2 protein chains.
Amino acid sequence: MVVRSELKNPPKNAAALRIDGKIVDLDSVPPSGAAVEYVTLDSQEGLEILRHSTAHLMAQAILELFPGAQLTIGPPIDSGFYYDIDLDRSFVPEDLKEIEKRMSKLAKRGFPIERDEIDRADALKLFEERGESYKIEMINELPAGETISIYRQGDFVDLCRGPHMSSTAKLKHFKLLSVAGAYWRGDEKNKMLQRIYGTSYPGREDLEKHLKRLEEAKARDHRVLGKQLGLFLVDENAGPGLIYWQPKGNLVRRVVERFWEDEHIKREYQLVTIPHIARDELFKISGHYDFYRENMYVLNIDEQEYVLKPMNCPGHILIYQEETRSYRDLPYRLAEMGTVYRYERSGVLHGMLRVRGFTQDDAHIFCTPEQAEDEVIDVIDLAQFMLETFGYEKFEIELSVHDPENFDKYAGTREDWAASEEALKRALETREIPYKRIEGEAAFYGPKIDIKMLDALGRGWQGPTIQFDFNLPKRFNLRYVGSDGDRHLVVMIHRTVLGSMERFVGGLIEHYAGAFPTWLAPVQAKVMTITDDQIPFGKKVAQNLRDAGHRVESDFRNEKIGKKIREAQLAKIPYMLVIGAREMESGQVALRVRGKGDVGALALEEVMSQIRSDVESRAFSPGEN
Amino acid sequence: MVVRSELKNPPKNAAALRIDGKIVDLDSVPPSGAAVEYVTLDSQEGLEILRHSTAHLMAQAILELFPGAQLTIGPPIDSGFYYDIDLDRSFVPEDLKEIEKRMSKLAKRGFPIERDEIDRADALKLFEERGESYKIEMINELPAGETISIYRQGDFVDLCRGPHMSSTAKLKHFKLLSVAGAYWRGDEKNKMLQRIYGTSYPGREDLEKHLKRLEEAKARDHRVLGKQLGLFLVDENAGPGLIYWQPKGNLVRRVVERFWEDEHIKREYQLVTIPHIARDELFKISGHYDFYRENMYVLNIDEQEYVLKPMNCPGHILIYQEETRSYRDLPYRLAEMGTVYRYERSGVLHGMLRVRGFTQDDAHIFCTPEQAEDEVIDVIDLAQFMLETFGYEKFEIELSVHDPENFDKYAGTREDWAASEEALKRALETREIPYKRIEGEAAFYGPKIDIKMLDALGRGWQGPTIQFDFNLPKRFNLRYVGSDGDRHLVVMIHRTVLGSMERFVGGLIEHYAGAFPTWLAPVQAKVMTITDDQIPFGKKVAQNLRDAGHRVESDFRNEKIGKKIREAQLAKIPYMLVIGAREMESGQVALRVRGKGDVGALALEEVMSQIRSDVESRAFSPGEN
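Since this is a predicted model, take the numbers as computed values, not measurements.

Rules used throughout
- Residues numbered from 1 in each chain as written.
- Chains lettered and ligands numbered in written order.
- Predicted model: local features only at pLDDT ≥ 70, side-chain atom pairs only at ≥ 80, totals over all residues.
- Heavy atoms only, no water.
- Salt bridge = Lys/Arg side-chain N within 4 Å of Asp/Glu carboxyl O.
- Helix = DSSP H or I, 4+ residues; strand = E, 2+ residues; numbered from the N terminus.
- Buried < 20%, exposed > 50% of the residue type's maximum accessible area, 1.4 Å probe, protein only.
- Pairing = 2+ DSSP bridges.
- Axes fitted to C-alpha atoms, helices over the stretch in contact; angles between N-to-C directions.
- Parallel < 35°, antiparallel > 145°, perpendicular 65-115°, else oblique.
- Left-handed = near helix turned anticlockwise from the far one by under 90°.
- Contact = heavy atoms within 4.5 Å.
- Nonpolar A, V, L, I, M, F, W, Y, C, P; charged D, E, K, R; others polar.

Caption draft 1: Broad picture of the pattern of salt bridges. All chains considered together, the criterion is met by 91 salt bridges over all chains. Note that A:Arg431 is salt-bridged to A:Asp381, the shortest N-O span being 2.7 Å. Remark: A:Asp381 occurs in helix 11 (residues 372-389) and A:Arg431 occurs in the loop between helix 12 (414-430) and strand 21 (436-439); sequence separation between them is 50 residues. Residue classification places A:Arg431 among the partly exposed positions, given a relative accessible area of 35%. One salt bridge in this structure joins A:Glu429 and A:Lys425, with 3.5 Å as the shortest N-O distance. Residue A:Glu429 and its partner A:Lys425 are both found in helix 12; the two are separated by four residues, about one turn of the helix. The partly exposed category is assigned to A:Glu429, whose relative accessible area is 40%. Linked through salt bridges whose partners overlap, the residues forming this network are A:Arg254, A:Arg258, B:Glu261 and B:Asp262.

Caption draft 2: Main features of the pairing of strand 8 (residues 148-153) of chain B. Residues and elements named next belong to chain B. A large share of strand 8 lies buried, amounting to five of its six residues. In this sheet, strand 8 lies alongside strand 7 (residues 114-118) in antiparallel orientation, the contact comprising five bridges. What sits directly across from Ile118, in strand 8, is Ile148. Note that strand 8 and strand 9 (residues 156-159) share four bridges and pair antiparallel. Each residue of the ladder has a partner; that of Ile150, found in strand 9, is Leu159.

Caption draft 3: Structural view of the packing of helix 7 (residues 247-266) of chain B against helix 11 (residues 372-389) of chain B. All names here are of chain B. Where helix 7 meets helix 11, the closest approach of the two axes is 12 Å, and the angle between their N-to-C directions is 150 degrees. Overall, the two elements helix 7 and helix 11 adopt an arrangement that is roughly antiparallel. Note on packing geometry: the crossing formed by helix 7 with helix 11 is right-handed. Residues Phe259, Trp260, Glu263 and His264 of helix 7 pack against Leu382, Phe385, Met386 and Thr389 of helix 11. Tallied by class, the residues present in the contact of helix 7 with helix 11 amount to five nonpolar, two polar and one charged.

Caption draft 4: Quick look at the sheet that holds strand 15 (residues 277-279) of chain B. Residue and element names in this part refer to chain B. With antiparallel pairing, three strands are arranged side by side in an open sheet as 15-17-16. Unpaired on one side and paired on the other, strand 15 and strand 16 (297-301) mark the two borders of the sheet. Adjacent strand axes in the sheet meet at a mean angle of 35 degrees, parallel and antiparallel pairs treated alike. Summarising the sheet, strand 16 and strand 17 (residues 304-308) pair through five bridges and their orientation is antiparallel. Its bridge partner being in strand 17, Ile301 is matched across the sheet by Gln304.

So this is what it looks like as structure tokens:
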């Protein structure tokens, strides 16, 4: 709580005031008796104000440098800000540097940033004079009676709710990062604008840390590595958002899939395969046709409508329904690496992470209410085991429950919800897993647990979901014969462990920066000769490795060994076996291990035992087991 | 050659005459100097005449028994004949018996079967008087000037080209088999008729052999076994021709797939995965859009046309094209279990054998012309190895080559064709494989080898295809840099080994009559207890088997052991482990082996070693290795 007399002398890191809970400019005068707090730059809210003001600063610089530019909107975002600009030429990287320079200059001049509230007519007149047509469009859309506020710094004026920093002098540590296309109001029918991204921090160190992290993330970008390592491709002409798994990427996928299948079979899941199309009828019964239709692809066969399945559940339900199930047959767990297709706007597609076709590692558990908690525990154990095997060590867990105030929007009874939320909660507690409970965030058909895994850079990736469903059992009338002889509605749980193969492998590429552990590496070992004399021995070595089931490439070209090693390193191959005259003579290989460099001459058997040990232990780094 | 004077006294098994190559009725008078031969009942042509005449006999019986019936067409087919009838009530099995009885009666009366050629007006008048509207429709569609022939036996007349047997007395050994729906002219927009199938043989023994084979085939029907054994289902409401692989069927599929993948990796194929949809553009380049469009499913995304892929080739081509390939990178072999969707009329769909969605075990080999022959040999070796592993021992091989008279309809140069046909031929000769060369049967884009495997009943199943393609490399401009530094068109070979997973597993079900070899069996062993006292020991036994990686079910119900054994036998489980008080005491199990019955008490280790040995050797029958 701020004492009123202190207000003249705010702390150095103050960004704004919070008066009776509402955040306002620092120079606002609180009404007597109001609760007043400082919003400082070390809070998320303070940081957002700093970035929002930096967006204004950027707009001011752009208008000075490019007088024809039209401003649209420029909000703070997760880790910075952007401003969408309409300009009849494309910004190039040099422009960003120029804009940044001008921003520094303007910042140093220390313009006070001042708020003004004006009426609609004045606002329209002001922006008409300035020729800012997007602002006029926005003013015209404001509801009658809404306060219209503008912010000024020097010559610059922007239509803005605020709040803002008190002076441009407070903006010191910022950086413009990139330009991308963005449709006005996000609508592909509108004009394409240019979005300049930037970020801003209160201190130099934080900015530099952020830029370094960005660089690290860029070096791990799965789209760049995917191309460089020959893992996957997207062909815009064949269709955006559709992944073609090249041999090496597909190899990673297949190893993950087999591991997944084997673990599911061990845990008594039953694998199935369903077709990718089904009559609309099936998705009308499931309800997807009504509430999900705009994301579904539709085709016609024999004058009947079919859909490309966006979900695997209705197909698995058909298999459940094929026989009368008794409580003795439950839990009945159907699992499938099921490929689904869902419409996404082309603007949001992103490498393997946001696509139009993807393979879910899907499963549906049909069980009795009494079995639900144990099933949830088993899924958590499976998920944890699998994710840890891939080197994910930290997780963020959310439990989404219903909003009791709005119960009529939910499927299922109050007892269903109470029991299933309790089952999820108890399962997490049994495994002593910390989680965040989010009220009212459950889907209408049931509560769920979402698990995010944190990667090597601490970024979160959507992973396992465990989701109760009270809707589909009712819609399909899914029953089992209980020990009492009656036919009861079955409990249905949807779950994925990896999410989708595309997103998961995309995530792995970034998590490992393309340097896959030996068990996952598309090429586990590369045999390289120093001169042609060693080719016969090299072939024998490669064949021995291959016969032992390892994935091997050879480089017997007439090239310098330094070049061969460099290429193998770029390909991030864990084991490099170099053979020169000396090695051939002693029947050994000179071994280089990824991340360790030259480890000297070894017998091939030793190298093979090392690789085998990597694979069997699923070691994260070669030789680490 | 028949001497003219013999014609009065034809041999007993004569069905017709062949005069100057044309088959005509036995009582035809050859022009002087013509070449004359008997067509006898031991030839395929003779058999067809016998069956065609039996179809007439059936029609005659039907018209007597069901005076309102309308005849349409009644041809001989592969192993019998049918007649399509329009009648306002449904034929039931009892009707077939009645018709058969009447046929025997009519046959015995020995009506001469007589040909008559009449003009169009008389023909129309005749069938109008008889009220046969379908025949009138057919007469009206005959081109002007065409000879119109009718055949009479007793009161019965049919519009027919013939030829026919000389008397109904020659028809002795026939059997009516089934009734099915069939649209008039095969068009779903027309009226649904009733098709009665039957067969006919010159001798009783042949007929009985055929009926026995039919019974055997019926007992092996993959649709019946598929349901009985819980292997797969088709849900007409979710869409005809679309296979849902239930857990047990999917298990067989997965074992086959992994075997297939492993063998391909050993042989240096590279596995890939492509999406199921692509823009029409891709299939316009490939040409499929023009000549295959009516079989393709089309959908729209963002106002662009997409297709559900009917072929995997264009997708694999995109992967080939991703990099510049040198002759050193070839052969480049891309393989995928690729699911494709193709339209088939609902009338022709048949279980897993004729479907609308199927997974091809597809591969595309990109190579230099010099490498082609070795590649073909390797594919033949792979195919032979895989099919023999599944117990197919006999094959029928066809080499389809081009028709040099019509060269302009083909893609590729004369040199391409000569070289590739020679490569296919030499590959077959190198492996000393007998084959049938079929002139003019090649696809327009290249010659091919088709391999049919013969199953346990001697029936042929379409299996491997090795197909050259001179079309796609040109359309996509698929090149490689040769040792001369120039960019040459690559040689492309399409090939499948199994055909499709659906047809292949459907075929396996019939080949094994559902009794899968241990390595493929969905359930390899079943543990059964005689009383509840043995349940703890039974659980231990089941767990031991499971831990050893075997697929196990338990039956610990409170039921008689005879019932448990019967059910396990019906499920065609190879190993049945029965545990009673005696076994528990001695720590053994009483073993029953499929096809061998009770083999006495054994230590569990012995049973497990037997199962392991079955799996490792891929033995056809349990204990046979």
